[in-house]
Amino acid sequence: MTENRHGFATDAIHAGQEIDEVFGAVVPPLHFSTTYAPDGIGNLRRGYDYGRAGNPTRTSLQTQLAALEGGRHAFSFGSGLAAEDAIIRAVTRPGQRIVMGNDAYGGSYRLISRIHGDWGIANTPLDLTDLDRVAAEMSEPDATLLWVETPSNPLMSITDIAALAKIAHENNALLLVDNTFASPYLQQPLALGADIVVHSTTKYIGGHSDVVGGAVITSDDELAASIGFQQFAVGAVSGPLDAYLTTRGLKTLAVRMDRHCSNAQAIAEHLVDHPAVERVLYPGLPDHPGHELAKAQMSGFGGMVSIQLAGGEAAARKVAEGTRLFILAESLGGIESLMNYPHEMTHASVRGTELAVPENLLRLSVGIEDVADLIDDLDTALAGLERRG
Ligand SMILES: *Cc1c(COP(=O)(O)O)cnc(C)c1O
């Protein structure tokens, strides 16, 4: 697809966005048609015949995604999990095993353990910052896929993509990076050696909390052919309107991420000294264990901040329900700030498993509002706790 010849913000706006030949429309038209008339039997006009197989609006998004991740091929799916499912079907077989982070997104773990587990794909969740342990697991012949999420959700741990790529490749395995939290603007896993990048485009890429979607990006032609075949044969494609909205969101990713990062940094620094807060997990803080690594492999620390409350579960629940600007809701990556209590919301599906999250943890998706208002909102919600000592 498109070569990445320009800067990121330029590609975000122009890649895959050809001016419409009929009317000269600057924004490519949204194509809803499910079927395409050939120029006589067997003579497709632009390679399109049927909407599941291909759609120009989806192609436009896929071209844009490939350019921004620095990959040769991109596939747009109906959700992040549909994208992950297509990858697992394409690259693993019964009897093989996925080695993954023990703080991966709960839904990814549910898909891997409860859907693919039943079809004979095993999994081993572990601490991916422990490279010796990862190398030992990956040296087993059944370990064919290494699944990495960095920064991780919701504990914000940072893992070394280049080191994990080396371990995977030394063992003839593939490295997948779920790049949802960083977005391609802050982190480029393919350039660091990853074979496959997956996104929930529902989050930063869409960016406005109004469209669910997923994406797979790779530069490997063979992997692309088999993931493309899954997309076509299973059919979990994104619809035209969803693809259009995702493209529109992606065009402003660079400016949005800059603001997400600066707001999150300010909030993290503010909360570090707050007596009601036991711990702030944000890779932009110098004492975060992954700070140096994040500085090296990312170009910003992102918009996600997790905090642990000194007052335990009760305090976490009270703050979660006590903010006004931070909206208590699942999901992340939109322009509006969201508050999540992972233990009972996003990560409820992993309670009681090795992936369970602390009960005093709140995850903030810091939006792009005025940061002073966001800090006021958090201070007000935290004030009630402090008074009770
Ligand atoms: C939301 C999310 C997913 C799943 O994506 P959906 O679009 O909800 O299917 C996967 N990975 C991460 C890190 C996520 O945050």
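The structure under discussion appears in the preceding block.
Let me sum up the structure you'll find in this document. (Residues numbered from 1 in each chain as written. Predicted model: local features only at pLDDT ≥ 70, side-chain atom pairs only at ≥ 80, totals over all residues. Heavy atoms only, no water.)

**Brief notes about the environment of Phe32**
Mapped onto the elements, Phe32 comes out in the loop between α1 (8-14) and α2 (56-69). Between the C-alpha atoms of Phe32 and Asp210, which are 178 residues apart in sequence, the distance is 19 Å. Leave out the neighbours within four places in its chain, and Phe32 touches Pro240 and Leu241. (Helix = DSSP H or I, 4+ residues; strand = E, 2+ residues; numbered from the N terminus. Contact = heavy atoms within 4.5 Å.)

**A short note on the site of the ligand**
Close contacts around the ligand come from 15 residues, with Leu81, Asp178, Ser200, Thr202 and Lys203 the closest. Between the ligand and the protein, one listed contact pairs an oxygen atom with a backbone N or O atom of Gly80 at 2.9 Å. Interatomic distance of 2.7 Å between a side-chain N/O atom of Lys203 and an oxygen atom of the ligand. In the complex, 92% of the free accessible area of the ligand, which totals 380 Å², lies under the protein chains. (Near = heavy atom within 4 Å. Polar contact = N/O pair within 3.5 Å; in protein donor to acceptor, adjacent residues only side chain to side chain. Areas by Shrake-Rupley, 256 points an atom, 1.4 Å probe, with all protein chains shown as cover.)

**Some points on the packing of aromatic side chains**
The full count for this structure, using the stated rule, is four aromatic pairs. Ring geometry for Phe229 and Phe232: centres 6.5 Å apart, planes at 55°, overall tilted. Of this pair, Phe229 and Phe232 both sit in helix α8 (residues 221-234), three residues apart, roughly one helical turn. Taking the relative accessible area as the measure of exposure, Phe229 reaches 51% and is therefore exposed. For Phe232, a relative accessible area of 39% gives the class partly exposed. With a centroid separation of 6.5 Å and 70° between ring planes, the pair formed by Tyr282 and Phe301 is classed as edge-to-face. Taken together, the residues Tyr282 in the loop between β8 (277-281) and α11 (291-297) and Phe301 in the loop between α11 and β9 (304-309) connect sequence positions 19 residues apart. Judged by its relative accessible area of 1%, Tyr282 falls in the buried class. (Phe/Tyr/Trp six-rings, centres within 6.5 Å; stacked < 30°, edge-to-face > 60°. Buried < 20%, exposed > 50% of the residue type's maximum accessible area, 1.4 Å probe, protein only.)

**Some details on the side chain of Asp85**
Relative to the helices and strands, Asp85 is located in helix α3 (residues 80-91). Contact partners of Asp85, with chain neighbours within four places excluded, come to Leu111 and His116.

**As for the sheet that holds strand β1 (residues 73-77)**
Ordered in space as β1-β7-β6-β5-β4-β2-β3, the seven strands form an open sheet in which the pairing is mixed. If you trace the sheet from one side to the other, it starts and ends with β1 and β3 (122-126), each paired once. For this sheet the average axis-to-axis angle between neighbouring strands, irrespective of direction, equals 20°. When strand β4 (residues 143-149) meets strand β5 (residues 174-178), the two strands line up parallel, connected through five bridges. (Pairing = 2+ DSSP bridges. Axes fitted to C-alpha atoms, helices over the stretch in contact; angles between N-to-C directions.)

**Quick word on helix α9 (residues 240-251)**
With 12 residues, α9 extends 17 Å between its outermost C-alpha atoms, agreeing within 8% with the 16 Å of an ideal straight helix rising 1.5 Å per residue. Within α9, burial applies to Ala243, Thr246, Thr247, Gly249 and Leu250. Take α9 and look down its axis: the buried residues cluster within an arc of 165°, on one side only. Its buried side turned inward, α9 meets α1, α2 and α10 (253-272). (Expected span 1.5 Å × (residues − 1). Arc of directions from axis to C-beta.)

**A word on the layout of surface pockets**
In this approach, a probe sized like a water molecule rolls over the atoms, and the result shows the empty space that is left. Computed from the structure, the largest pocket encloses a volume of approximately 670 Å³. Forming the walls of the largest pocket are 20 residues, and the residues nearest its centre are Pro29, His31, Arg46, Tyr48 and Pro56. Split by residue class, the lining of the largest pocket holds eight nonpolar, seven polar and five charged. As a volume, the second largest pocket reaches approximately 220 Å³. Contributing to the lining of the second largest pocket are 16 residues, with Gly80, Leu81, Tyr105, Ser200 and Lys203 lying nearest its centre. When residues of the lining of the second largest pocket are assigned to their parent elements, the largest contribution, three residues, is made by α3. Residue composition of the lining of the second largest pocket, grouped by class: five nonpolar, seven polar and four charged. (1 Å grid on protein atoms, 1.4 Å probe; cavity = no way out; pocket = protein on both sides within 12 Å on 5 of 7 lines; lining within 4 Å. Points joined across faces, edges and corners; volume = space filled by probe spheres on them. Nonpolar A, V, L, I, M, F, W, Y, C, P; charged D, E, K, R; others polar.)

Interpretation note: all reported values are geometric properties and have no functional meaning in isolation.
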